[in-house]
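Here's the letter readout for the chains.
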Amino acid sequence: MLWDIIFSVVIGGLVGVVGHVRKHGKIIMPRKTKKFIYLGFLEELLLGAVASLLLVLYTAPNSLVEIIVFSIIAGIGGDTVLNRFRVLSQEGEK
């Protein structure tokens with residue numbers, strides 16, 4: 001079970017980084033400004049990893065193929081959910 005968790009976190013994180021590169025066209029490194037710490041690609045990496053971990057723990061897949069599929073879906077879905085929340089909050093401000 002531990003290997004399943006580690007494998008899902010790695011795959012989810014990689015899918016998150018791929019989504020970051022697709023969105024920005026490059027890897028943006030973390031940086032600190034005067035008022036804010038911008039995580040850059042680490043934000044998507046962590047989001048994909050956590051989403052993948054939660055989905056794999058919730059569904060308890062039986063095979064390696066299921067872990068890979070669930071991790072990819074969770075990595076993509078986590079970024080989509082955050083983007084939707086951003087759009088809804090921007091519409092609410094208007």
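The structure contained in this document is the topic of the report that follows. Quick caveat, the model's predicted, so the values are computed rather than measured.

## Observations regarding the overall build of the protein chain
For step 1, the next point in the chain: When you go through the protein chain residue by residue, the secondary structure sums to 3 helices and 2 strands.
For step 2, the next point in the chain: Along the longest, intermediate and shortest principal axes, the C-alpha atoms of the protein chain span 45 × 30 × 25 Å.
For step 3, the next point in the chain: In the protein chain, which comprises 94 residues, the share counted as buried stands at 27%.
For step 4, the next point in the chain: Nonlocal contacts in the protein chain, meaning residues at least 24 apart in sequence, comprise 56% of its contacts between residues at least 6 apart.
For step 5, the next point in the chain: Carbon and sulfur atoms provide 71% of the accessible area of the protein chain, an area that totals close to 6,700 Å².
For step 6, the next point in the chain: In the protein chain, which carries 10 positive and 7 negative side-chain charges, the distance between the mean positions of the two groups comes to 14 Å.

## Details of the environment of Asn 62
For step 1, the next point in the chain: Assignment of secondary structure puts Asn 62 in the loop between helix 2 (41–59) and helix 3 (64–93).
For step 2, the next point in the chain: You can call Asn 62 exposed: its relative accessible area is 73%.
For step 3, the next point in the chain: When the C-alpha positions of Asn 62 and Gly 48 are compared, they lie 21 Å apart, and in sequence the two are 14 residues distant.

## Some details on helix 2
For step 1, the next point in the chain: If you check helix 2, its first and last C-alpha atoms are 27 Å apart, about what 19 residues at 1.5 Å a residue would give, namely 27 Å.
For step 2, the next point in the chain: Of the residues making up helix 2, those classed as buried are Phe 41, Glu 44, Gly 48, Ala 49, Ala 51, Ser 52 and Val 56.
For step 3, the next point in the chain: Taken together, the buried residues of helix 2 touch helix 1 (2–24) and helix 3.
For step 4, the next point in the chain: Of the residues one or two after helix 2, Ala 60 is the one with positive phi, at around 50 degrees.

## Looking at the packing of helix 2 against helix 3
For step 1, the next point in the chain: Packing of helix 2 against helix 3 brings their axes to within 8 Å, and their N-to-C directions diverge by 120 degrees. As judged from the angle between their axes, helix 2 and helix 3 are oblique. You can see that helix 2 and helix 3 cross each other, and the crossing is right-handed. Here helix 2 contributes Glu 43, Glu 44, Leu 47, Gly 48, Ala 51, Ser 52, Leu 55, Val 56 and Thr 59 to the contact with helix 3, which in turn contributes Phe 70, Ser 71, Ala 74, Gly 75, Gly 78, Asp 79, Leu 82 and Arg 86.
For step 2, the next point in the chain: When its residues are assigned to classes, the contact of helix 2 with helix 3 shows 7 nonpolar, 6 polar and 4 charged.

## Some remarks on a nonpolar patch on the surface
For step 1, the next point in the chain: Taken together, the side chains of Leu 2, Trp 3, Ile 6, Val 10 and Leu 14 make up a nonpolar region of the molecular surface, amounting to roughly 570 Å² of accessible area.
For step 2, the next point in the chain: Of note, Leu 2 is situated in helix 1.
For step 3, the next point in the chain: Judged by relative accessible area, Leu 2 falls into the exposed class, the value being 58%.

The rules behind each value
- Residues numbered from 1 in each chain as written.
- Predicted model: local features only at pLDDT ≥ 70, side-chain atom pairs only at ≥ 80, totals over all residues.
- Heavy atoms only, no water.
- Helix = DSSP H or I, 4+ residues; strand = E, 2+ residues; numbered from the N terminus.
- Buried < 20%, exposed > 50% of the residue type's maximum accessible area, 1.4 Å probe, protein only.
- Contact = heavy atoms within 4.5 Å.
- Areas by Shrake-Rupley, 256 points an atom, 1.4 Å probe, with all protein chains shown as cover.
- Lys, Arg positive; Asp, Glu negative; His and termini not counted.
- Charge placed at Lys NZ, Arg CZ, Asp CG, Glu CD.
- Expected span 1.5 Å × (residues − 1).
- Axes fitted to C-alpha atoms, helices over the stretch in contact; angles between N-to-C directions.
- Parallel < 35°, antiparallel > 145°, perpendicular 65-115°, else oblique.
- Left-handed = near helix turned anticlockwise from the far one by under 90°.
- Nonpolar A, V, L, I, M, F, W, Y, C, P; charged D, E, K, R; others polar.
- Patch = residues over 30% accessible without salt bridge, like charges linked within 9 Å, V, L, I, M, F, W, Y side chains within 5 Å.
- Salt bridge = Lys/Arg side-chain N within 4 Å of Asp/Glu carboxyl O.

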